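# Coordinate inspection notes
Spelled out from the first residue to the last, the chains are:
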Amino acid sequence: MIRYIFTRIGYMMITLFIIILLSFLLMKALPGSPFNDERLPETQKELLYKKYGLDKPVPVQFGIYLSNLVQGDLGVSFVFDNRPVTKIIQERIGASAILGFQAVFVGTIIGLLLGIVAALKHNTIIDYGATVLAVLGISIPSFVFAGFLQYWVGVKLGWLPIAFWNGFEYSILPTIALAVGVVATIARFTRIEMLEVLNQEYILTAQSKGLSNSYIITKHGIRNALIPIITIIGPLTVNTITGSLVIEKIFSIPGLGEQFVNSIITNDYQLIMGTTIFYAVLFVSVILIIDILYGFIDPRIRVAGGE
Amino acid sequence: MTAKITEETKHYPADLFELASQADIVSDIVHRPEQSFWQDAWRGLRKNKAAIVGLCIIIFVILLAVFGPFMNNHGYDEQNITRTNLPPKVPVLEHLPFLGLNGVDGRGVDQYEKKGITEYFWFGTDELGRDLWTRIWQGTRISLYIAFLAATIDLIIGVAYGAISAFYGGRTDNVMQRVIEVLVGITGLIVNILLILILKPGIISITLAMVIVGWISMARIVRAQILKLKSYEYVLASRTLGASNQRLIWKHLIPNTLGPIIVATTFTIPGAIFTEALLSFIGLGLQPPTASLGTIVNDSYKLLRIYPHGMIVSSIIISLIMISFNLLGDGLRDAFDPKVRK
């Protein structure tokens with residue numbers, strides 16, 4: 001197991017290195033320099049280049065960038081008056097984290113309930129209804145859903161605020177918009193897992209022992225069905241963060257996603273790079289943690305794998 | 001039971017018995033009409049009503065995407081300031097006011113009458129007076145084109161990579177799988193964004209960006225399937241009979257991997273349409289006047305509060321395409337799954 005974890009961390013490092021190298025080369029591939037002012041005399045330009053290390057060859061510059069990165073320095077934003085990128089990310093991450101956790105929390109609970117009920121009432125109208133909802137939730141793009149939620153609930157009915165971030169009621173609509181995908185994914189997966197578990201022989205054994213139905217469902221059914229759900233947390237995180245890019249933009253939430261989209265529009269390359277690397281670290285860590293967790297949680301893997 | 005009968009029959013003389021001809025034994029023979037791969041799949045798919053509805057909608061949308069832009073005389077980039085933001089108006093259906101297809105806008109003003117326009121715009125017009133019917137079908141065409149192109153390239157690279165990796169095994173497989181393990185941690189959207197920043201938005205660059213990580217899941221599916229098939233006896237039998245590697249791959253392994261490949265491709269297409277729309281939404285989509293479904297949704301979202309018709313129509317169409325492909329994918333997955341077959 002220890003060996004397995006170390007191998008995985010090794011791959012994670014290579015993946016991150018490739019992403020960092022890719023984004024660095026991108027920045028170098030773009031035309032122009034930060035000191036494009038024509039009034040700037042050559043000597044001063046040279047001095048500036050020297051000061052920021054831009055006179056050195058590209059591999060050396062990459063080395064400097066890497067060593068800064070390890071120390072938590074992601075450079076400065078061009079657009080926001082030379083403010084450090086790390087600082088901007090720190091300020092912005094709060095709203096995104098709250099929104100993301102709310103959506104995943106609400107979405108998971110509703111999704112689990114929907115999936116379990118659908119499996120228990122297999123081939124009834126409830127099952128079909130849940131399946132239709134899940135297909136709709138997976139298919140309809142989140143920005144379409146968010147747009148109409150904002151229009152009907154926010155503007156037409158005037159029930160909830162449609163933009164900004166000044167308290168809990170501001171987070172309701174974006175949370176719903178972001179949670180729809182989570183609900184659908186979890187419900188679909190839970191339903192299939194639950195149906196599979198309910199067909200297993202140990203359920204039959206439990207029934208023949210005369211255990212009550214509710215006991216079988218909670219103790220044997222749901223517990224076993226939940227284990228594989230850990231595997232979809234990875235894709236779910238990716239989807240939630242991807243979704244938050246547009247949802248934050250639509251609802252004007254001062255989060256990291258909105259910042260990222262704006263930095264793309266304003267060509268703030270240092271900020272784009274910094275956020276990209278931040279997201280990459282986040283994704284890769286989540287995937288790693290899930291893989292390790294899964295090995296610990298599922299006794300079958302623990303015994304069979306034995307790595 | 002059998003032992004008892006033999007005990008009893010021992011007493012009968014042997015000439016009472018007659019040898020049965022091999023041809024008379026019919027009860028053991030299980031005979032079913034031979035079915036090709038496609039017949040089998042179609043039989044499974046036909047039972048799934050949702051998948052058939054999905055398939056019909058997809059065909060209908062493709063037909064409209066091909067012929068829709070020719071159904072009136074307007075070009076997709078033809079601007080006309082005298083007819084901006086007209087709501088939809090459809091002949092016949094205009095007499096059913098609750099449908100909202102009578103050319104009356106949100107404030108109850110008949111824009112067609114006000115602007116003196118006698119022509120019918122089935123989906124209305126946008127803020128530059130471009131006909132939305134033509135534009136939306138033109139956009140659907142481009143979105144579908146990008147999606148099919150990305151899915152095809154994914155398919156070619158993924159199948160080749162997965163098949164080679166699984167078939168040759170050993171060191172080849174090891175190296176190829178390590179490469180995949182590194183790449184799989186890279187999130188698609190990040191690479192998409194980085195690449196499009198370098199390449200500038202366009203049909204080819206968007207497709208390329210999607211393909212660069214898109215093939216990985218296909219390669220993994222194909223590898224897993226071929227690894228499983230490789231250990232089956234019929235492959236061993238074929239190899240013993242002297243079949244070449246080429247023949248094994250093309251005649252045995254690939255055809256039996258077709259099911260999962262088709263299912264994965266069906267799910268790739270809505271994914272690609274969604275990614276393209278998402279990129280448009282964050283400002284990395286196609287540049288005007290070229291339109292895709294994503295750019296139309298994005299443009300009409302800005303007008304949602306005043307002129308909701310554009311957003312409503314384009315959202316319905318993009319959602320309909322996504323739903324149909326997902327339904328078809330689900331149906332195909334069940335149709336190809338031997339466990340489900342009855």
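Every value quoted in this text rests on a predicted model; they were computed, and no experiment measured them.

## Focus: the interface of chain B and chain A
Between chain B and chain A, the contact holds 34 residues from the first and 41 residues from the second. Note on chain B versus chain A: buried area summed over both sides is about 3500 Å², and carbon and sulfur give 80% of it. Note that B:Asp330 is salt-bridged to A:Arg188, the shortest N-O span being 2.9 Å. At the surface where chain B touches chain A, the tally comes to four residue pairs in polar contact (both at pLDDT 80 or more). The biggest single contributor to the side of chain B that touches chain A is helix 12 (residues 309-336) of chain B, with 11 residues. The residue makeup of the side of chain B that touches chain A, split by class, is 24 nonpolar, five polar and five charged.

## Structural notes on the packing of aromatic side chains
Here a ring pair, both rings aromatic, is described through the centre-centre distance and the interplanar angle of the planes. Counted according to the given criterion, the structure contains 16 aromatic pairs over all chains. Between A:Phe24 and A:Phe62, the ring centres sit 5.0 Å apart and the planes meet at 55 degrees, which makes this aromatic pair tilted. Placement of the pair is A:Phe24 in helix 1 (residues 2-29) and A:Phe62 in helix 3 (residues 58-70), with a sequence separation of 38 residues. For the pair A:Phe24 and A:Phe62, a shared accessibility class is recorded, and that class is buried. Ring geometry for B:Tyr161 versus B:Trp215: centroids 4.9 Å apart, planes at 55 degrees, classification tilted. Of this pair, B:Tyr161 sits in helix 5 (residues 132-168) while B:Trp215 is found in helix 8 (residues 203-230), placing the two residues 54 residues apart along the sequence. With relative accessibility at 10%, the residue B:Trp215 sits in the buried group. Cluster of aromatic residues (ring-pair linked, three or more members): A:Phe17, A:Phe24, A:Phe62 and A:Tyr65.

## Thoughts on the nonpolar core
The tendency in soluble globular proteins is for nonpolar side chains to be buried as a group. The biggest cluster of nonpolar side chains holds 109 residues, and the ones touching the most others in it are A:Phe143 and B:Ile193. When residues no more than four places from it in sequence are discounted, the contact partners of B:Ile193 are A:Phe260, A:Ile264, B:Leu279, B:Ile282 and B:Leu284. Ranked by size, the runner-up nonpolar core spans 16 residues in total, among them B:Ala163, B:Phe167, B:Leu248 and B:Ala264.

## Some words on the UniProt feature "transmembrane region" (unreviewed entry) in chain A
Per the UniProt annotation, the sites labelled "transmembrane region" (unreviewed entry) are residues 9-30, 93-120, 132-152, 172-190, 225-247 and 277-297 of chain A. The span residues 132-152 of chain A is 90% helical and 0% strand by assignment, and the distance between its end C-alpha atoms comes to 22 Å.

## Considering the UniProt feature "transmembrane region" (unreviewed entry) in chain B
Residues and elements named next belong to chain B. Summarizing the sequence annotation, UniProt attributes the feature "transmembrane region" (unreviewed entry) to residues 50-70, 142-167, 179-197, 203-222, 261-286 and 306-329 in the numbering used throughout. End C-alpha atoms of residues 203-222 are separated by 28 Å, and the span's content is 100% helix alongside 0% strand. In this annotation, residues 261-286 is assigned 81% helix and 0% strand; the end-to-end C-alpha distance for the span is 29 Å.

## Describing the packing of helix 6 (residues 142-156) of chain A against helix 7 (residues 168-198) of chain A
All names here are of chain A. One way to put it is that helix 6 packs onto helix 7 with a least axis distance of 9 Å and a crossing angle of 145 degrees. In the packing of helix 6 onto helix 7, the handedness of the crossing is right-handed. Packed against helix 6, whose contacting residues are Ser142, Phe145, Ala146, Leu149, Val153 and Gly154, the element helix 7 presents Leu173, Ile176, Ala177 and Val180 at the interface. Among the residues making up the contact of helix 6 with helix 7, the classes are represented as eight nonpolar, two polar and no charged.

## Some details on the confidence of the model for chain B
Should the pLDDT be low somewhere, the predicted coordinates at that spot are not to be read in detail. Overall, the predicted model of chain B reaches an average pLDDT of 80, with 88% of residues at or above 70. Here the predicted complex scores 0.82 on pTM and 0.80 on ipTM.

## Focus: a nonpolar patch on the surface
Residues and elements named next belong to chain B. Together, Ile59, Ile62, Leu63, Val66, Phe67, Phe70 and Phe148 make up a nonpolar patch on the protein surface, roughly 660 Å² of accessible area in all. Of all the elements, helix 3 (residues 49-67) adds the most residues to the nonpolar patch, at five residues. Mapped onto the elements of the fold, Phe67 is located in helix 3.

## Some details on the environment of B:Ile81
All names here are of chain B. Structurally, Ile81 can be placed in the loop between helix 3 and helix 4 (111-114). The class for Ile81 is exposed, based on a relative accessible area of 63%. Spatially, the C-alpha atom of Ile81 lies 58 Å from that of Asn256, the residues being 175 residues apart in sequence.

## As for the pattern of salt bridges
Scanning all chains against the criterion turns up six salt bridges over all chains. Residue A:Arg92 is joined to A:Glu258 by a salt bridge in which the shortest nitrogen-to-oxygen separation is 3.0 Å. In this pair, A:Arg92 sits in helix 4 (residues 85-120) while A:Glu258 sits in helix 11 (residues 256-265), placing the two residues 166 residues apart along the sequence. Of the residues examined, A:Glu258 reaches a relative accessible area of 16% and is grouped as buried. One salt bridge in this structure joins B:Asp330 and B:Arg333, with 2.9 Å as the shortest N-O distance. Here B:Arg333 and B:Asp330 lie together in helix 12, a separation of three residues that amounts to about one turn. You can call B:Arg333 partly exposed: its relative accessible area is 37%.

## So, helix 2 (residues 42-51) of chain A
Of all 10 residues making up helix 2 of chain A, only one are buried, and the element is barely covered by its neighbours. In the segment just after helix 2 of chain A, A:Gly53 is the residue with positive phi, at about 75 degrees.

## Description of unusual backbone geometry
All names here are of chain A. At Asn123, a position not held by glycine, the phi torsion is positive, near 60 degrees. As for its placement among the helices and strands, Asn123 is situated in the loop between helix 4 and helix 5 (125-139). Taking the relative accessible area as the measure of exposure, Asn123 reaches 49% and is therefore partly exposed. The backbone of Ser252 sits at a positive phi, close to 45 degrees, despite the residue not being glycine. Note on placement: Ser252 falls in the loop between helix 10 (233-250) and helix 11. Owing to a relative accessible area of 27%, Ser252 belongs among the partly exposed residues under this scheme.

Reading the values: rules and limits
- Residues numbered from 1 in each chain as written.
- Chains lettered and ligands numbered in written order.
- Predicted model: local features only at pLDDT ≥ 70, side-chain atom pairs only at ≥ 80, totals over all residues.
- Heavy atoms only, no water.
- Contact = heavy atoms within 4.5 Å.
- Buried area = accessible area lost by both parts, 1.4 Å probe.
- Salt bridge = Lys/Arg side-chain N within 4 Å of Asp/Glu carboxyl O.
- Polar contact = N/O pair within 3.5 Å; in protein donor to acceptor, adjacent residues only side chain to side chain.
- Helix = DSSP H or I, 4+ residues; strand = E, 2+ residues; numbered from the N terminus.
- Nonpolar A, V, L, I, M, F, W, Y, C, P; charged D, E, K, R; others polar.
- Phe/Tyr/Trp six-rings, centres within 6.5 Å; stacked < 30°, edge-to-face > 60°.
- Buried < 20%, exposed > 50% of the residue type's maximum accessible area, 1.4 Å probe, protein only.
- Core = buried A, V, L, I, M, F, W, Y, C linked by side-chain atoms within 4.5 Å.
- UniProt positions renumbered as here; feature names shortened; annotations may be inferred.
- Axes fitted to C-alpha atoms, helices over the stretch in contact; angles between N-to-C directions.
- Left-handed = near helix turned anticlockwise from the far one by under 90°.
- pLDDT = per-residue confidence, 0-100.
- Patch = residues over 30% accessible without salt bridge, like charges linked within 9 Å, V, L, I, M, F, W, Y side chains within 5 Å.
- Areas by Shrake-Rupley, 256 points an atom, 1.4 Å probe, with all protein chains shown as cover.

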